[in-house]
Amino acid sequence: MNTGLNLFAEALVFVHGLGAESEAAKHAQICERLGDMETAETWRQLQGAVRSLKRPSDCAKLQAA
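Since we're looking at a predicted model, the values are computed, not measured.

**Details of the environment of E10**
Relative to the assigned elements, E10 resides in helix α1 (residues 3-16). Residue E10 is classed as partly exposed on the basis of its relative accessible area of 32%. A C-alpha to C-alpha distance of 7.2 Å links E10 and V50, two positions 40 residues apart in sequence.

Below, the structure written as structure tokens:
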């Protein structure tokens, strides 16, 4: 996965906590409504990256950092 996307996902989790995935989904929906499908897809990828951070092994890594 894209390292930049992973870093942004971690930052989003740092700022929004458990709401990070829904925050990414909101941004994707806004971009879709505006017709910016490329940016919406990036937000969807970010949403998936945030979801993958919720796995217990990844969460432990974030806490240790």
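So much for the structure itself; the text now carries on.
**Some words on the nonpolar core**
Membership of the largest hydrophobic core comes to 13 residues, with the highest contact counts inside it found for A9, L12, W43, L46 and V50. Listing elements by their share of this core, those giving two or more residues are α1, α2 (20-33) and α3 (37-53). Setting aside chain neighbours within four positions, we find L12 in contact with G17, A20, E23, A24, W43, L46 and V50.

**Quick notes on the side chain of E21**
Here E21 lies in helix α2. Here R51 takes part through its side chain, which lies 2.8 Å from a polar atom of the side chain of E21. With residues up to four places along the chain from it excluded, the contact list for E21 reads Q47, V50, R51 and K54.

**Comments concerning α1**
An ideal rise of 1.5 Å per residue puts 20 Å on 14 residues; α1 measures up with 20 Å between its terminal C-alpha atoms. Of the surrounding secondary structure, the elements contacted by the buried residues of α1 are α2 and α3. Following α1 by one or two positions, G17 has its phi on the positive side, about 60 degrees.

**Overview of the packing of α1 against α2**
Interaxial distance between α1 and α2 falls to 8 Å at its minimum, and their mutual angle equals 110 degrees. In this view, α1 runs roughly perpendicular relative to α2, as classed from their interaxial angle. Contact with α1, carried on its side by L12, V13 and H16, involves A20, E23 and A24 of α2 and no other residues of that element. Tallied by class, residues from the contact of α1 with α2 come to four nonpolar, one polar and one charged.

Calculation notes
- Residues numbered from 1 in each chain as written.
- Predicted model: local features only at pLDDT ≥ 70, side-chain atom pairs only at ≥ 80, totals over all residues.
- Heavy atoms only, no water.
- Helix = DSSP H or I, 4+ residues; strand = E, 2+ residues; numbered from the N terminus.
- Buried < 20%, exposed > 50% of the residue type's maximum accessible area, 1.4 Å probe, protein only.
- Core = buried A, V, L, I, M, F, W, Y, C linked by side-chain atoms within 4.5 Å.
- Contact = heavy atoms within 4.5 Å.
- Polar contact = N/O pair within 3.5 Å; in protein donor to acceptor, adjacent residues only side chain to side chain.
- Expected span 1.5 Å × (residues − 1).
- Axes fitted to C-alpha atoms, helices over the stretch in contact; angles between N-to-C directions.
- Parallel < 35°, antiparallel > 145°, perpendicular 65-115°, else oblique.
- Nonpolar A, V, L, I, M, F, W, Y, C, P; charged D, E, K, R; others polar.

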